[in-house]
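A closer look at the structure
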Amino acid sequence: MPQVVEDPDAAADAMLPAVRAYLTFLSETGRLAKASDGLDELLDELDAVEDDFVEAMEEALGEGEWDEEEEEDLDEEEVEGLGDFEPFADELADLPTIRLRPDAELATAARAVPLIATARDLAVWVGASRKVGEDTLLSDDEIREALAVAGLPEPDEVPLAHAVPALWNLWNLAVDLEFLTPDGEDTVSVDEDTSAWPFENDEDVLDAWMLGLHSVDYGDPELEDDDLTLALSGLTRALLIRLLLAGGRRRLGELSEELAEAAADFDDLGSAAWAEAGDPLAPVLEWLSGYGMIAVDDDEVGLTPLGVEGVVHLLDDDDLEVDARPAVDAMTALDLLSLSADLPEEEADSEFAAWMKLRDPATAAEELLEAAAEDEADALIRVQAASLVGSLGPVAVPAWRGVLDEPSLRPYAATHLTQLGVEDAPEPTQSDTHWLILDMWTISAGLGAPEFVSSLHDIGPAPVLSNLLEVIWKVPHPHVEELLEAISEAHPDKQVAKTAKRALFKARSGSADRA
């Protein structure tokens, strides 16, 4: 009851009469247990517990409210952790546009990441079905071999398993990268593709690098005292976010002072932990450099292009918005079209102008139309491309001619060539016009029901739309069936809806015949 009722008195007002009615029903139908008291005694007892019921409800509700407040306080503490990004949300939203380098460049950088190469060597050394787990750590002899493979020094302490945190960080990285995989209880084996690193395919390389991205946490200092270690947890992320907010570079001395102050604010033991660590940023900088995310130059530290990409992905994982776009000099035509579709008109025009400065107009027109032809189902990209190429005027004529045989772009090509007065240009057909209408409907349907219905009204009165539906189903547009179904469900005119249903049946029958 306390979990679903907020007012104890109201609960009593409703519950007690309900129980009274239920007891009466049981008595009158002979359903009371044989050993039960009579109805009058039961009702008297019910009246007697009313105050106790209300009091118990109030106590339970008070406990529930305390639990909720405590949970909210805990959540707030988590948000304010040393390595949390949420407190910087407003600053991130105000950042100027962050430009990301192309995948080919990032993949080249990722192939050179030292930590991934070391994790590969360690995984290859592990081999097949090596026994290791929480209760069966590697033997001292195995650890000596692993340290040699990883290029790590051998500590004086024994047993070695508890004195080589750097080795276990590399081991965990190999697991994150899926170079090492479990194949039984307390048994791991190297993945068969591991020895092929660095991979030839750029996408495979970046996928692997992203798998290991959360290894940034392994850069946090590890101290003998667990409480002191915890006080500095998140230090690596704290450094990354401050670099991004500063435009990618900071003086190391200033950054160290700022992080020391943040650690002290975050945890009562922060100052003690900072002092105990000696140089808390040393493992942070070493790990991030090893993972290709930063470069340290004298007293300055800066994010690499790979590092910028990584921080943007970490922010995305936390559902924090930041304006990150491909660098203009590395932006493909498809990048431009995809980006422009989500930008206000003025920003989209600015991106297009910057992109065009790096290209010959005729070549740009060809690139845009080629990108638009990649996915016949993407009407928005197609309309974006047609609009941009159309703005280039006569210089785009060769590009328009080049897509006349492309079904999804022919309607646009024929229309623009005719508008430009090009000799021997094909006149747009009725089917071309219908394709353009279906593209328009596809885009408006993606904006919601009101916009979709409004675009239908733009065609004209209900009889005009019905006449169009009688023939438009014949167009081999990738979205014609779903659009007809949407019209049958959304249009307020019953006759139009009925016509759309008939057209949908014909379209589906035609698709089945063609199949």
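Reading the values: rules and limits
Residues numbered from 1 in each chain as written. Predicted model: local features only at pLDDT ≥ 70, side-chain atom pairs only at ≥ 80, totals over all residues. Heavy atoms only, no water. Helix = DSSP H or I, 4+ residues; strand = E, 2+ residues; numbered from the N terminus. Buried < 20%, exposed > 50% of the residue type's maximum accessible area, 1.4 Å probe, protein only. Contact = heavy atoms within 4.5 Å. Pairing = 2+ DSSP bridges. Axes fitted to C-alpha atoms, helices over the stretch in contact; angles between N-to-C directions. Salt bridge = Lys/Arg side-chain N within 4 Å of Asp/Glu carboxyl O. Core = buried A, V, L, I, M, F, W, Y, C linked by side-chain atoms within 4.5 Å. Phe/Tyr/Trp six-rings, centres within 6.5 Å; stacked < 30°, edge-to-face > 60°. Lys NZ or Arg CZ within 6 Å of the ring centre and 35° of its normal. pLDDT = per-residue confidence, 0-100.

**Structural notes on the overall build of the protein chain**
- When its secondary structure is counted, the protein chain shows 26 helices and 8 strands.
- Over its C-alpha atoms, taken along the principal directions, the protein chain stretches across nearly 90 × 85 × 50 Å.
- A total of 515 residues make up the protein chain; the buried ones form 41% of that total.
- The contacts in the protein chain between residues at least 6 apart in sequence include a share of 64% that link residues at least 24 apart.

**As for the sheet that holds strand S3 (residues 180–184)**
- Taken in spatial order, the 3 strands line up as S2-S4-S3 in an open sheet, and their pairing is antiparallel. Looking at strand neighbours, the two that pair on one side only are strand S2 (130–131) and S3, the edges of this open sheet.
- Two strands pair when backbone bridges link them, and S2 and strand S4 (residues 187–190) are joined in this way by 2 bridges, in the antiparallel orientation. Pairing of Lys131 across the sheet is with Thr187, part of S4.
- Most of the contacts of helix H6 (residues 114–126) go to S4, to which it runs at about 120°, and overall it touches S2, S3 and S4.

**Regarding the sheet that holds strand S7 (residues 300–303)**
- Pairing within the open sheet is antiparallel, and its 3 strands lie in the order S5-S7-S6. Both outer strands of the open sheet, strand S5 (249–251) and strand S6 (294–297), are each paired with one neighbouring strand and no more. On average, each strand axis in the sheet is tilted by 20° relative to the strand beside it, whichever way the strands run.
- Packed onto the sheet, helix H12 (residues 252–266) meets S5 and S7 and runs at close to 85° relative to S5.
- Those strands touched by helix H14 (residues 281–290) are S6 and S7, and its axis lies near 125° from that of S6.

**Focus: the pattern of salt bridges**
- Counting across every chain of the model gives 23 salt bridges.
- The closest approach of N and O atoms between Arg120 and Asp121, which form a salt bridge, is 3.0 Å.
- Overall, Arg120 belongs to the buried group, its relative accessible area being 19%.
- Note that Lys506 and Glu470 form a salt bridge whose closest N and O atoms lie 3.8 Å from each other. Here Lys506, found in helix H26 (residues 494–514), pairs with Glu470, found in helix H24 (residues 462–472); they are 36 residues apart in sequence, far enough to count as distant.
- Note on Glu470: relative accessible area 32%, which makes it partly exposed.
- Beyond isolated ion pairs, a larger network of salt bridges with shared partners links Arg99, Asp323, Arg325, Glu347 and Glu351.

**Examining the nonpolar core**
- Within the largest apolar cluster, 81 residues are counted, with the highest numbers of intra-cluster contacts made by Trp171 and Met293.
- Not counting residues up to four positions away in its chain, the partners in contact with Trp171 are Leu122, Trp125, Val126, Val132, Leu138, Leu180 and Val188.
- The next biggest cluster of nonpolar side chains, apart from the first, holds 54 residues, and it includes Leu409, Ala425, Leu469 and Val475.

**Observations concerning the packing of aromatic side chains**
- One pass over the structure, following the stated rule, counts 5 aromatic pairs.
- On the numbers, 5.8 Å between centres and 65° between planes, the contact of Trp168 with Trp171 is edge-to-face. Residue Trp168 and its partner Trp171 are located together in helix H8 (residues 165–176), separated by 3 residues, close to a single helical turn. The same class applies to Trp168 and to Trp171, which are both buried.
- Here the aromatic rings of Tyr218 and Trp287 are separated by 5.7 Å at their centres, their planes lie at 85°, and the arrangement is edge-to-face. Placement of Tyr218 in the loop between helix H9 (202–211) and helix H10 (226–231) and of Trp287 in helix H14 is noted, with a sequence separation of 69 residues between them.
- A relative accessible area of 9% places Trp287 in the buried class.
- Its end group placed over the ring of Trp125, Arg130 keeps NZ or CZ at 4.0 Å from the ring centre.

**Points about the confidence of the model for the protein chain**
- Of the residues in the protein chain, 93% have a pLDDT of 70 or more, and the chain-wide mean is 91.
- Of all secondary-structure elements in the protein chain, the lowest mean pLDDT belongs to helix H3 (residues 50–79), at 58, while H6 reaches the highest, 98.
- Segment residues 64–69 is flagged for pLDDT under 50; beyond a separation of four residues in sequence, or across chains, it makes 0 contacts in the model.
- Ignoring residues within four places in sequence, the model shows residues 71–79, a span with pLDDT below 50, making 4 contacts including any to other chains.

**Description of the environment of Glu276**
- One can find Glu276 in helix H13 (residues 270–277).
- A relative accessible area of 56% means that Glu276 is categorised as exposed.
- Residues Glu276 and Glu224, 52 residues apart in the sequence, show an inter-C-alpha distance of 9.5 Å.
- Contacts of Glu276, omitting those with residues within four sequence positions, involve Leu223 and Leu228.

**A closer look at the environment of Thr108**
- Along the chain, Thr108 turns up in helix H5 (residues 103–111).
- C-alpha of Thr108 to C-alpha of Asp202: the two residues are 94 residues apart in sequence and 7.8 Å apart in space.

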